[in-house]
Amino acid sequence: MAFQKAVKGTALIGGGAIAAVFGLSQFSQYRNKHGTFVNVQAAEAVPVPMKSHLPTREQQILALQTTSEFDVLVIGGGATGCGCALDAVTRGLKTALLERDDFSSGTSSRSTKLIHGGVRYLQKAIMKLDFEQYKMVKEALEERANLLEIAPHLSSPLPIMLPVYKWWQLPYYWIGIKLYDLVAGSQCLKSSYVLSKSRALEHFPMLRKDELVGAIVYYDGQHNDARMNLAIALTAARYGAATTNYTEVLRLLKTTDPASGKERVCGVRCRDVLTGQEFDVKAKCVINATGPFTDSVRKMDYQEVPNICQPSAGVHIVMPGYYSPDHMGLLDPATSDGRVIFFLPWEKMTIAGTTDSPTDVTSHPIPTEEDINFILNEVRNYLSADVEVRRGDVLAAWSGIRPLVTDPNSKDTQSICRNHVVAISNSGLVTIAGGKWTTYRAMAKDAIDAAVEAHNLKAGSSKTLGLQLQGAEDWSPTLYIRLVQDYGLESEVAQHLASTYGDKAFEVAKIAQVTGKRWPIVGKRLVSEFPYIEAEVVYGVKEYARTAVDMISRRTRLAFLNVQAAEEALPRIVDIMGKELNWSEQKKKEELEAAKKFLYYEMGYKVKSDQLRDSSEISLVPSDIERYKKRFHMFDKDKKGFITILDVQRVLESISVQIAENTLHDILNEVDLNKNGQVELNEFLQLMSAIQKGYVSGSRLAVLMKTAEENLHRRVGIPVDRSGGGL
């Protein structure tokens with residue numbers, strides 16, 4: 001078996017060498033054609049000036065209603081749609097973009113957060129001599145370099161470790177990774193390298209040691225996907241594109257071409273979701289960039305058109321940061337079902353995913369317990385036995401729909417295209433579909449090129465290569481220091497603002513509230529353990545945030561990092577947004593409920609809370625049951641069989657601990673399964689059983705009761721000679 005693998009490895013060397021030489025020659029042509037990335041030159045090449053201030057959403061809606069005809073109208077506010085708008089407007093085309101939800105509300109905010117060429121695609125390209133796969137990897141590596149260049153505040157290189165547990169795999173994987181470097185050419189982020197077993201464990205101490213031979217480390221890019229998508233949309237808006245979220249396309253408008261007698265798409269009928277107002281938007285060209293909803297828009301054009309989108313669901317989970325090193329990711333190249341799993345540090349947490357399973361197209365994909373457990377089991381295979389991978393440590397989970405497509409221009413309609421496709425219908429509707437996050441700019445360029453040719457639009461070539469996105473112009477790695485020094489922000493908060501808003505971080509700092517403390521001087525946090533501050537909510541409204549969900553999931557990333565923390569921040573977020581947007585009390589209540597529903601279903605809160613309900617069987621040994629009963633009865637002194645907020649307050653007062661009543665209510669509510677305002681003995685035993693089995697972690701009630709019990713037992717007099725003589 002090992003010999004067969006070695007033979008395959010040799011084949012990989014030969015085929016890979018050819019691919020690498022070809023890749024380098026193609027790369028040389030690419031560099032000769034485009035030259036170096038000079039951001040200033042890229043901006044100067046744009047025929048329209050950038051606005052100093054971002055137009056308001058109301059101004060954008062007015063532009064849609066009063067413009068007689070746009071050159072290009074893009075449907076879809078994901079990465080590709082916003083990329084199309086930016087590409088079109090920077091060519092001097094009069095551009096509009098309509099998104100029925102929020103920018104990046106779909107697939108583009110639910111990715112693995114990687115900017116990568118695709119190591120596994122290169123392997124398939126070489127082993128199967130698949131030139132299309134190779135071209136996709138090559139293009140993605142070129143786009144990876146560009147994306148890191150144009151948004152350095154939102155992206156950075158990330159080392160990813162590939163652990164090796166069999167000797168023959170070491171040269172096999174090393175050759176493949178080296179070819180990945182070679183195809184990237186001079187755009188290679190950093191050269192890959194081999195680590196011994198001891199060095200691998202030094203870099204990744206929580207890695208499984210048994211049978212570990214060594215590891216290979218390579219580099220890809222990582223980014224804040226929702227913020228990156230938003231930066232593209234805001235940059236397009238500042239260049240003059242009428243970009244609006246919450247603007248739903250109801251139907252396509254058509255006119256008859258007098259020359260040919262054919263019907264042509266000439267615009268859309270749309271509705272402002274926030275006001276209910278309907279109006280027409282006319283355009284010479286309409287571009288369908290709606291990802292998983294590609295076929296829905298195509299059927300607006302022609303009802304009988306066959307579907308080309310084959311949606312696939314990918315689930316990710318977020319776990320505490322201690323599951324991975326701060327600056328090193330992990331790649332599992334061969335999971336039990338053949339899917340690659342990434343295990344990556346992100347926003348001081350650990351993200352793991354993704355699964356790949358067929359799904360129906362929906363605006364609200366929901367992660368399943370089956371998918372979450374699959375990822376957890378794969379993680380267990382690679383982590384040390386000393387690290388207990390607990391189900392209760394899943395802080396958030398989400399599902400994203402990947403829009404794989406079949407090329408409508410291909411004779412073989414059964415083959416799924418991993419690259420993107422551009423299709424133009426008989427009525428002139430341009431559809432861009434497929435591809436991946438990393439290649440959004442190339443996809444947009446191809447779509448606008450096709451639109452210009454098909455509709456005889458007067459425009460030059462694409463200007464987006466090297467064109468910096470909003471926030472990048474005056475950003476530097478040390479920008480956060482100026483925020484600390486000039487405004488008195490906490491260092492962690494300043495770093496967060498600099499890496500989220502780039503040079504626009506100063507605009508957020510200027511509106512940050514004074515804390516009244518000695519330090520920090522400004523910047524009230526929304527929740528204590530995350531660096532998000534209240535001023536970001538005010539600024540988020542300026543960035544077109546219109547719902548509480550926009551704020552917790554895309555302007556900040558709280559929902560993707562910790563659903564309970566996001567729920568805790570919601571009341572304050574709704575209050576601030578209500579003030580900025582003049583919400584009534586009823587509207588504020590509706591927003592709060594909608595956001596909680598979003599967290600419950602789409603961000604994994606339901607599957608998290610279900611762990612306690614589903615573990616109704618109490619599997620505790622008799623000694624543990626007696627111990628927990630004593631702890632419970634310490635609070636239930638009246639022997640009612642349940643405890644309330646008053647019971648907990650009484651015990652806490654006896655040990656001089658004060659907790660706000662609303663906080664205590666939240667603490668008990670986490671365990672109160674039947675929601676009757678009290679925690680019964682059976683519910684408490686269920687909680688302790690679930691904690692022992694790892695289904696639940698971080699229960700505030702369990703920790704509070706344990707701490708109170710320990711403090712009461714320790715309340716004995718301490719002799720002065722043992723007090724240390726301190727004050």
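Residues numbered from 1 in each chain as written. Predicted model: local features only at pLDDT ≥ 70, side-chain atom pairs only at ≥ 80, totals over all residues. Heavy atoms only, no water.

A look at the layout of surface pockets
In this structure, the second largest pocket occupies an estimated 1500 Å³ of space. Lining of the second largest pocket is provided by 48 residues; of these, Q564, Y605, D666, E670 and R700 occupy positions nearest its centre. Residues belonging to the lining of the second largest pocket are distributed by class as follows: 20 nonpolar, twelve polar and 16 charged. (1 Å grid on protein atoms, 1.4 Å probe; cavity = no way out; pocket = protein on both sides within 12 Å on 5 of 7 lines; lining within 4 Å. Points joined across faces, edges and corners; volume = space filled by probe spheres on them. Nonpolar A, V, L, I, M, F, W, Y, C, P; charged D, E, K, R; others polar.)

Considering the packing of helix α6 (residues 131-150) against helix α12 (residues 440-454)
Interaxial distance between α6 and α12 falls to 8 Å at its minimum, and their mutual angle equals 105°. Between α6 and α12, the angle is such that the two are roughly perpendicular. Residues E139, E143, N146, L147 and I150 of α6 form the contact with α12, whose participating residues are Y440, R441 and A442. Taken together, the residues of the contact of α6 with α12 break down into four nonpolar, one polar and three charged. (Axes fitted to C-alpha atoms, helices over the stretch in contact; angles between N-to-C directions. Helix = DSSP H or I, 4+ residues; strand = E, 2+ residues; numbered from the N terminus. Parallel < 35°, antiparallel > 145°, perpendicular 65-115°, else oblique. Contact = heavy atoms within 4.5 Å.)

Side note on the packing of helix α13 (residues 479-487) against helix α14 (residues 491-501)
One can describe the packing of α13 onto α14 by two numbers: an axis separation of 8 Å at closest approach and a directional angle of 130°. Considering their axes alone, α13 and α14 lie oblique with respect to each other. As for how α13 packs across α14, the hand of that crossing is right-handed. Between α13 and α14, the residues in contact are L479, Y480, L483 and V484 and S491, A494, Q495, L497 and A498, respectively. By residue class, the composition of the contact of α13 with α14 is seven nonpolar, two polar and no charged. (Left-handed = near helix turned anticlockwise from the far one by under 90°.)

Thoughts on the packing of aromatic side chains
In the structure shown here, the tally under the stated rule is 14 aromatic pairs. Both rings, one in Y180 and one in Y218, keep their centres 5.8 Å apart while their planes meet at 90°; by these two values the pair is edge-to-face. Placement of Y180 in helix α7 (residues 169-184) and of Y218 in strand β6 (residues 214-223) is noted, with a sequence separation of 38 residues between them. When sorted by exposure, Y180 lands in the same class as Y218, which is buried. Among the aromatic residues, ring-to-ring pairing joins W168, Y172 and Y173 into one connected group. The cationic tip of R100 hangs over the ring face of F293; the distance from NZ or CZ to the ring centre is 4.5 Å. R557 extends its terminal NZ or CZ atom over the ring of F560, reaching a point 4.5 Å from the ring centre. (Phe/Tyr/Trp six-rings, centres within 6.5 Å; stacked < 30°, edge-to-face > 60°. Buried < 20%, exposed > 50% of the residue type's maximum accessible area, 1.4 Å probe, protein only. Lys NZ or Arg CZ within 6 Å of the ring centre and 35° of its normal.)

Re the environment of G523
Inspection of the secondary structure puts G523 in the loop between α15 (505-510) and α16 (535-542). Among the residues examined, G523 registers a relative accessible area of 4% and is labelled buried. The spacing of G523 and A509 is 14 residues in sequence and 7.6 Å in space, taken between C-alpha atoms. Beyond its immediate chain neighbours, meaning those up to four positions away, G523 contacts L489, A512, Q513, T515 and I533.

Observations concerning empty space enclosed by the protein
Here the structure, examined in full by the defined rule, presents four cavities of 30 Å³ or more. Estimates place the volume of the largest cavity at around 70 Å³. Contributing to the lining of the largest cavity are H153, L154, R227, A231, L234, Q470, G471, T500, Y501, K504, Y539 and E543. For the lining of the largest cavity, the elements supplying multiple residues, two or more each, are α9 (225-238) and α14. A per-element tally of the lining of the largest cavity places α9 first, with three residues. Of the voids in this model, the second largest cavity is the one considered here, and its volume is about 50 Å³. What lines the second largest cavity is L330, D332, I341, F343, E378, V379 and Y382. Among the secondary structure elements, those contributing two or more residues to the lining of the second largest cavity are β12 (329-332), β13 (341-346) and α11 (369-382). Per element, the largest residue contribution to the lining of the second largest cavity is three residues, and it comes from α11.

Quick word on the UniProt feature "domain: EF-hand" (unreviewed entry) in the protein
Feature annotation in UniProt assigns "domain: EF-hand" (unreviewed entry) to the following positions: residues 623-658 and 659-694. With 64% helix and 6% strand, residues 623-658 has its two end C-alpha atoms placed 31 Å apart. (UniProt positions renumbered as here; feature names shortened; annotations may be inferred.)

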